[in-house]
Amino acid sequence: MRTTGHWVLLAMCGVVALAAPITTAEAQQVQAGTLACRGGPDTGFILGPVTNLDCVLHVESAPDRRYVAAIPNLGVFIGDQDVVLSWKVMAPVPWLGLDDLAGSYAHASGAGDNVLAGGTHATIALHPLDDKDPAIPPVKIESLEIRPMDH
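Scoring rules and cut-offs
- Residues numbered from 1 in each chain as written.
- Predicted model: local features only at pLDDT ≥ 70, side-chain atom pairs only at ≥ 80, totals over all residues.
- Heavy atoms only, no water.
- Helix = DSSP H or I, 4+ residues; strand = E, 2+ residues; numbered from the N terminus.
- Buried < 20%, exposed > 50% of the residue type's maximum accessible area, 1.4 Å probe, protein only.
- Contact = heavy atoms within 4.5 Å.
- Areas by Shrake-Rupley, 256 points an atom, 1.4 Å probe, with all protein chains shown as cover.
- pLDDT = per-residue confidence, 0-100.
- Pairing = 2+ DSSP bridges.
- Disulfide = S-S within 2.5 Å.
- Core = buried A, V, L, I, M, F, W, Y, C linked by side-chain atoms within 4.5 Å.

Q: Can you explain the overall build of the protein chain? Please cite residues and give values.
A: What the protein chain contains, in helices and strands, is 1 helix and 9 strands. Helices and strands in the protein chain line up, N terminus first, as α-β-β-β-β-β-β-β-β-β. Classification of the 151 residues of the protein chain by burial places 31% in the buried group. A sequence separation of at least 24 residues applies to 64% of the contacts in the protein chain between residues at least 6 apart. Of the roughly 9,500 Å² of accessible surface on the protein chain, a fraction of 61% belongs to carbon and sulfur atoms.

Q: Quick rundown of the confidence of the model for the protein chain? Include the residues and the values.
A: The predicted coordinates of low-pLDDT regions are not to be read in fine detail. Counting all residues, the mean pLDDT for the protein chain is 74, and 63% of those residues have values of 70 or more. Confidence scores differ between elements of the protein chain, with helix H1 (residues 2-19) showing the lowest mean pLDDT of 45 and strand S6 (residues 103-107) the highest of 94. Between residues 6-26, whose pLDDT stays under 50, and residues either more than four places distant or in other chains, the model counts 0 contacts.

Q: Which residues make up the pairing of strand S4 (residues 65-72), and what values go with them?
A: One ladder, built from 8 bridges, connects strand S3 (residues 50-58) with S4; its direction is antiparallel. Bridge assignment links Val-56 to a residue of S4, and that residue is Arg-66. The antiparallel hairpin formed by S3 and S4 contains 6 residues in its connecting segment, where Ser-61 sits at a positive phi of about 65°.

Q: Outline unusual backbone geometry, supporting the account with residue identities and numerical values.
A: Positive phi is not limited to glycine here, since Ser-61 has a value of about 65°. On the secondary structure map, Ser-61 appears in the loop between S3 and S4. In the Ramachandran plot, Asn-114 falls in the positive-phi region, its phi being about 60° despite a non-glycine side chain. Summarising the element assignment, Asn-114 is placed in the loop between S6 and strand S7 (116-118).

Q: Pulling in residues and values, what's your account of the environment of Tyr-67?
A: Tracing the backbone through its elements, the reader meets Tyr-67 in strand S4. Dropping the residues within four chain positions of it, Tyr-67 is found in contact with Leu-53, Asp-54, Cys-55, Leu-57, Gly-97, Leu-98, Leu-101, Ile-146, Arg-147, Pro-148 and Met-149.

Q: Now, about the state of the cysteines: what can you tell me, with residues and values included?
A: By definition, a disulfide links the sulfur atoms of two cysteines through a covalent bond. Summed over all chains, the structure comprises 1 disulfide. The disulfide partner of Cys-37 is Cys-55, and the gap between their sulfur atoms is 2.0 Å. Its S-S torsion of approximately 110° makes the covalent link between Cys-37 and Cys-55 right-handed. On the criterion of sequence distance, the pair formed by Cys-37 in strand S1 (residues 30-39) and Cys-55 in strand S3 is long-range, its members being 18 residues apart. Each member of the pair Cys-37 and Cys-55 is classed as buried.

Q: Let's hear about the nonpolar core: which residues, and what values?
A: Of all hydrophobic cores here, the largest spans 24 residues; its most connected members are Leu-35, Leu-85, Leu-101, Leu-126 and Ile-146. Elements with a minimum of two residues in this core: S1, S3, S4, strand S5 (83-91), strand S8 (124-128) and strand S9 (143-148). A total of 5 residues in this core trace back to one element, the largest contributor, which is S5. Not counting residues within four places of it along the chain, the set of residues in contact with Ile-146 comprises Leu-35, Tyr-67, Val-68, Ala-69, Leu-101, Ala-102, Gly-103, Tyr-105 and Leu-126.

Q: Residues and numbers for the pairing of S3, please.
A: Every regular strand shows the same layout, with side chains that alternate between the two sheet faces. Sheet topology places S1 next to S3; 5 bridges connect them, and they run antiparallel. Note that in S3 the partner of Thr-34 across the bridge is His-58.

Q: Lay out the environment of Ala-32 in plain terms, naming residues and giving numbers.
A: Among the secondary structure elements, Ala-32 is positioned in strand S1. With 92 residues separating them in the primary sequence, Ala-32 and Ile-124 have C-alpha atoms 9.4 Å apart. In this structure, Ala-32 is in contact with Val-59, Val-89, Ala-91, Val-93, Pro-94 and Leu-96, ignoring residues within four places of it in sequence.

This is how it looks when you write it as structure tokens:
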């Protein structure tokens, strides 16, 4: 009789475990800030097939952090005009460590233009902001590499 009680308890634990929500890599994300990148004749520079842009991560109640975004094959877009890219930075938590934003990003499968996913732990998503300036030419980003400016 005592063994039956253990089996019932074990079965109940199994049901509770199955009923609990399962977390995945696509867990609910929150906006952790905005990333604004700019390049052009004075700020962006081209090294072979890679264009480097100056970026600033704006986070509420925290000092701005500076990064460099290396974008392959964007050189054809940078001449005498500025390229401005801005994203909402979506993460599993509302705060980011300095190196959390760093890393490789690629176009998110099935997502819209310039929606990128990646980062140090592949948990960050970059969603373009809708502040389009008609004077700045549109660009389509398939991948980029972000690193802190002071590294």
